[in-house]
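Given next are the chains, with one letter for each unit.
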Amino acid sequence: MKILLLGSGAREHALARCLASDPVTTELVVAPGNPGTAAVATNLAIDPASPTEVVELVAQMSPDLVVVGPEAPLVAGVADAVRDAGIPVFGPGVGAARLEGSKAFAKEVMAAAGVPTAEAAVCTTEAELAAALDRFGAPHVVKEDGLAAGKGVVVTSDRAAAMDHGLACLAKEHGTVVVEDYLDGPEASVFCVCDGATVRPLAPAQDFKRLADGDAGPNTGGMGAYSPLTWAPEDLAERVVREVAQPVVDEMARRGTAFIGLLYCGLALTGDGLRVVEFNVRFGDPETQAVLARLTSSLPELLHSAATGCLAESPAPTWSEQAAVDVVLAAPGYPGAPTTGGPVTGIEEAEALPGVHVLHAGTGLDDDGGLIASGGRVLSVVAVGDTVDAARELAYEGLSRIHLDGGQYRTDIAAGR
Ligand code: GLY
């Protein structure tokens, strides 16, 4: 199978590693990729969010499958353009990508599909925002309506801070903000592979969104993750399919915007049952790094079945009994204004530990070919062990061998579960 994978983060390096190691894959191109994906695939420097550039590459390469990693190409219509060119693509079209692209749209679909979520108010004026903050009370949950790379959500008991964030969202072009009731309970991410009709869940994971230990500091794209969730109900994935993903996939099909791709269900397990916190329309980062480390069945076959509408006939994914933990190393200044250019050393030493691998994200090469930080989240250290505690210890042992001046990481990923 010839595969084109779009994206350049640690999530894409995890996908590339898994796709490349499968005997079914005969050729893998990653566009644009990173220094890590270059070791397992051919990198090609195109803009993955440009439908024109992607379709040109698809015409040259004739892949059997295109896998879209990040959300920006999906919202820009890349999946539609590839599908129109007659190539199977794992990723939703623009109409279905609105489940991530607009929080207000996602709420409307959930209401129509009878999916449990927090009560919410969609606000377009300062007066509506103030009334919604008063109606729901603290802790305040204020979400920018559109895409914001994981940084559009503020949860705070400080009403002034909630108001400031809401006003900043309203000040943007077509500014809309969603204010929600706070959902109390542990969070879980359940990724559902969908072919427009059938849904197959992957192993649940949990991520850590705040920058600092103890869930302090600002929201980030994610600082670490682990799987499995030993504390969660054993039938969590099946419940998510039944109560959330299948009703949403059915509703999207009914609207004529079939959901083909990865429906990321971000959930709170509240005392009153499952509640959806958010949807994304692509693999989560950093959860994918942990989830794929446990996958024992074929990823290319699973994604190809979804892209070609054959998921019902394909076997369910299978999982290692082992646990996986990944810890993100971020550049100094992340998430505000990351400082790039610092040398990154010690990756080989980390990977010398059995059960450890390192996934690149914001890395690049300097003029001498040395590895440097080139983005906010620089890399993920992934470890597999017999238990979550063993994997966690190994991940931190691996991380201790890597150096980046001023590099930031949490020390409590997968701890205190
Ligand atoms: N882990 C959060 C995200 O992928 O958006």
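Each remark here, short or long, concerns the structure printed above.
Source: prediction; values computed, not measured. (Residues numbered from 1 in each chain as written. Predicted model: local features only at pLDDT ≥ 70, side-chain atom pairs only at ≥ 80, totals over all residues. Heavy atoms only, no water.)

With that out of the way, let us pick up the overall build of the chain. In terms of regular secondary structure, the chain is built from 13 helices and 22 strands. A compact globule built from 417 residues should have a C-alpha radius of gyration of about 22 Å, and the chain, at 20 Å, falls within 12% of that. The buried share among the 417 residues of the chain stands at 56%. Taking as baseline every contact in the chain between residues at least 6 positions apart, the subset at least 24 positions apart corresponds to 69%. Total accessible area on the chain is roughly 15,800 Å²; 50% of this is exposed by carbon and sulfur atoms. (Helix = DSSP H or I, 4+ residues; strand = E, 2+ residues; numbered from the N terminus. Rg over C-alpha atoms; globule rule 2.2 N^0.38 Å. Buried < 20%, exposed > 50% of the residue type's maximum accessible area, 1.4 Å probe, protein only. Contact = heavy atoms within 4.5 Å. Areas by Shrake-Rupley, 256 points an atom, 1.4 Å probe, with all protein chains shown as cover.)

What follows covers the pairing of strand 9 (residues 177–180). Of the two faces of strand 9, both are covered, the one formed by Val-177 and Val-179 as well as the one formed by Val-178 and Glu-180. Across four bridges, strand 7 (residues 140–144) lies against strand 9 in antiparallel orientation. When the sheet's bridge partners are listed, Val-142 is paired in strand 9 with Val-179. (Pairing = 2+ DSSP bridges.)

Taken together, four strands build an open sheet; the order of strands is 6-9-7-8 and the sheet is antiparallel. At either margin of the open sheet sits one strand with a lone partner, and together these are strand 6 (120–123) and strand 8 (153–156). The mean inter-strand angle of the sheet, taken between neighbouring strand axes irrespective of direction, is 20°. Lying over the sheet, helix 6 (residues 103–113) contacts strand 6, strand 7 and strand 9, oriented at roughly 50° with respect to strand 9. Where helix 7 (residues 126–136) meets the sheet, its contacts fall on strand 6, strand 7 and strand 9, and the angle it forms with strand 6 comes to roughly 170°. (Axes fitted to C-alpha atoms, helices over the stretch in contact; angles between N-to-C directions.)

What follows deals with the side chain of Glu-180. Looking at where Glu-180 falls in the secondary structure, it is placed in strand 9. In this structure Glu-180 comes out as buried when scored by relative accessible area, which is 4%. Among the polar contacts made by the side chain of Glu-180, one reaches the side chain of Lys-107 at a distance of 3.2 Å. (Polar contact = N/O pair within 3.5 Å; in protein donor to acceptor, adjacent residues only side chain to side chain.)

With that settled, the discussion passes to helix 5 (residues 94–101). Buried residues of helix 5: Ala-96, Ala-97, Leu-99 and Glu-100, and no others. For helix 5, the buried positions fall inside an angular range of 120° around the axis, keeping them on one side. Tucked into the core, helix 5 has its buried residues touching helix 3 (71–75), helix 6, helix 9 (236–254), strand 16 (260–270) and strand 17 (273–280). (Arc of directions from axis to C-beta.)

Bringing the site of the ligand into the picture now. All residues adjacent to the ligand are Asp-207, Gly-221, Tyr-264, Asn-280, Arg-282, Gly-284, Asp-285, Pro-286 and Glu-287. Contact between the ligand and Tyr-264: a nitrogen atom at 3.3 Å from a side-chain N or O atom of the residue. One of the side-chain nitrogen or oxygen atoms of Arg-282 is found 2.8 Å away from an oxygen atom of the ligand. Isolated, the ligand exposes 200 Å² of accessible area, and the fraction of that covered by the protein chains is 90%. Across the shell around the ligand, the residue classes break down as two nonpolar, three polar and four charged. (Near = heavy atom within 4 Å. Nonpolar A, V, L, I, M, F, W, Y, C, P; charged D, E, K, R; others polar.)

Our focus in this paragraph is the environment of Tyr-226. Within the secondary structure layout, Tyr-226 lies in strand 15 (residues 224–227). Along the backbone, Tyr-226 and Lys-209 are 17 residues apart, and their C-alpha atoms lie at a distance of 13 Å. Here Tyr-226 is in contact with Ala-205, Gln-206, Phe-208, Trp-231, Ala-290, Ala-324, Val-325, Val-388, Ala-414 and Arg-417, once residues within four sequence places are set aside. Looking at Tyr-226, its side chain comes within polar contact range of the side chain of Gln-206, at 2.8 Å. Among the polar contacts listed, one links the side chain of Tyr-226 to the side chain of Trp-231, at a separation of 2.8 Å.

Moving on, we come to the sheet that holds strand 1 (residues 2–7). Spatial strand order, 3-2-1-4-5: five strands in an open sheet with parallel pairing. Two strands close off the open sheet at either side, each with one partner strand: strand 3 (42–43) and strand 5 (89–90). Pairing analysis gives four bridges linking strand 1 to strand 4 (residues 65–68), with the strands arranged parallel. Among the inter-strand pairings, Ile-3 is bridged to a residue of strand 4, identified as Leu-65. Running at roughly 170° to strand 1, helix 1 (residues 10–20) makes contact with strand 1 and strand 2 (27–32) of the sheet. Strand contacts of helix 2 (residues 51–61): strand 1, strand 2 and strand 4, with the helix running at about 160° to strand 1, the strand carrying the most contacts.

With the rule as written, the count across this model stands at five aromatic pairs. Seen from their ring centres, Phe-90 and Phe-283 are 6.1 Å apart, and the 40° between their planes marks the pair as tilted. Here Phe-283 lies in the loop between strand 17 and helix 10 (287–292) and Phe-90 lies in strand 5, a separation of 193 residues in the sequence. One exposure class covers both Phe-90 and Phe-283, and it is buried. Put simply, the rings of Phe-90, Phe-191, Tyr-264 and Phe-283 pair up and form one aromatic cluster. The ring of Phe-105 has Arg-98 sitting right over it, with the charged end atom 4.2 Å from the ring centre. (Phe/Tyr/Trp six-rings, centres within 6.5 Å; stacked < 30°, edge-to-face > 60°. Lys NZ or Arg CZ within 6 Å of the ring centre and 35° of its normal.)

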